[in-house]
Amino acid sequence: MRDAVTTTILYLVAVVAFSAAAIAIAVGLGDPLLSGQVPSSGKSGLDAIWHLLTAFVLVLPLRRRLAYLLAPVLSLGIDIDHIFGSFLPYVVGREAHDVFFLVLVSLFLYAVEGRPAALLGAGAVVTHIAVDGGSFPFFAPVSIAQYPLPFPAAVLLLVVAALLFHLAYRPVDELRQPRIALPIAGVIAAVSVAVLFFPLLYSFNTF
């Protein structure tokens, strides 16, 4: 439990630090600083439940209690970047929903906490983006362009997330075994179907 708390704190600090740095860099590059907007509490509550559940389902095949806790918490935790935009000025919504953040937080967690934490963190970020809906500033602060994520791309990200979760604790060779591969395929299919039918209007992104 102590490891889970430490990893969560480090991850949340990384989200806030990256978001603040990204905003500062974007402003330095000439992008406008915008005023925040407070989102609907009902909308954000549904979104939180959605992220917790999807991450939890994806880590079920691991049969690791720590993963059952960490993956959902970290998947939801990236949304702390919404303090910029909801209560503080921002440049683009969802600053940490970003390729640069994914790479940097993975390297940070690997250096401080080791391989399992790094891969769980990376898997949580990818899971969150896959099921979040809307469009994303994937290359902020270098570019503030927003990119939509079509359903096939979302499914591909779910596959990547499930593999990252698996590799956090188990070797890649185990994926050849049906008793390992089939449950992973099953949870990917279950979340993919949910993404297809879930009303993505509940996305927390309102900017």
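This text follows the structure it describes.
Residues numbered from 1 in each chain as written. Predicted model: local features only at pLDDT ≥ 70, side-chain atom pairs only at ≥ 80, totals over all residues. Heavy atoms only, no water.

A few words now on unusual backbone geometry. For the bond from Ala140 to Pro141, the omega torsion is 5 degrees, close enough to zero to count as cis. For Pro141, the position within the fold is in the loop between strand S1 (135-136) and strand S2 (147-148). Although it is not a glycine, Arg63 sits at a positive phi angle of roughly 55 degrees. Take Arg63: it is sitting in the loop between helix H2 (41-59) and helix H3 (65-77). Given the relative accessible area of 71%, Arg63 is considered exposed. A positive phi angle is found at Arg94, which is not glycine, with a value near 65 degrees. The residue Arg94 is located in the loop between helix H4 (83-86) and helix H5 (99-113) in this model. (Helix = DSSP H or I, 4+ residues; strand = E, 2+ residues; numbered from the N terminus. Buried < 20%, exposed > 50% of the residue type's maximum accessible area, 1.4 Å probe, protein only.)

Moving on, we come to the side chain of Ser106. Here Ser106 is to be found in helix H5. Excluding its chain neighbours within four sequence positions, the residues that come into contact with Ser106 are Ala118 and Ala122. (Contact = heavy atoms within 4.5 Å.)

On to the pattern of salt bridges. If you walk through the whole model with that rule in mind, you get two salt bridges. With a shortest N-O distance of 2.6 Å, Arg94 and Asp132 are connected by a salt bridge. Of this pair, Arg94 sits in the loop between H4 and H5 while Asp132 sits in helix H6 (residues 115-132), and the two are 38 residues apart along the sequence. Take Asp132: its relative accessible area is 2%, and that puts it in the buried class. (Salt bridge = Lys/Arg side-chain N within 4 Å of Asp/Glu carboxyl O.)

Turning next to the side chain of His97. Note on placement: His97 falls in the loop between H4 and H5. Here His97 falls in the buried class, since its relative accessible area comes to 0%. In terms of polar contacts, His97 uses its side chain to reach the side chain of Asp81, at 2.9 Å. Setting aside residues no more than four positions away along its own chain, His97 makes contact with Ile78, Asp79, Asp81, His82, His128, Ile129, Asp132, Phe136, Pro137 and Phe138. (Polar contact = N/O pair within 3.5 Å; in protein donor to acceptor, adjacent residues only side chain to side chain.)

Glancing now at empty space enclosed by the protein. Unfilled space is identified by rolling a water-sized probe across the atoms. Tallied over the full model, the rule gives two cavities of 30 Å³ or more. Reported here for the largest cavity is a volume of approximately 50 Å³. Residue lining of the largest cavity: Leu58, Pro61, Leu62, Ala162, Phe165, His166, Arg170 and Ile184, and that is the complete set. Of the residues forming the lining of the largest cavity, the biggest block, three residues, is contributed by helix H7 (residues 151-169). Its residues placed into classes, the lining of the largest cavity shows six nonpolar, one polar and one charged. Reported here for the second largest cavity is a volume of approximately 30 Å³. Looking at the lining of the second largest cavity residue by residue, the class counts come to eight nonpolar, no polar and one charged. (1 Å grid on protein atoms, 1.4 Å probe; cavity = no way out; pocket = protein on both sides within 12 Å on 5 of 7 lines; lining within 4 Å. Points joined across faces, edges and corners; volume = space filled by probe spheres on them. Nonpolar A, V, L, I, M, F, W, Y, C, P; charged D, E, K, R; others polar.)

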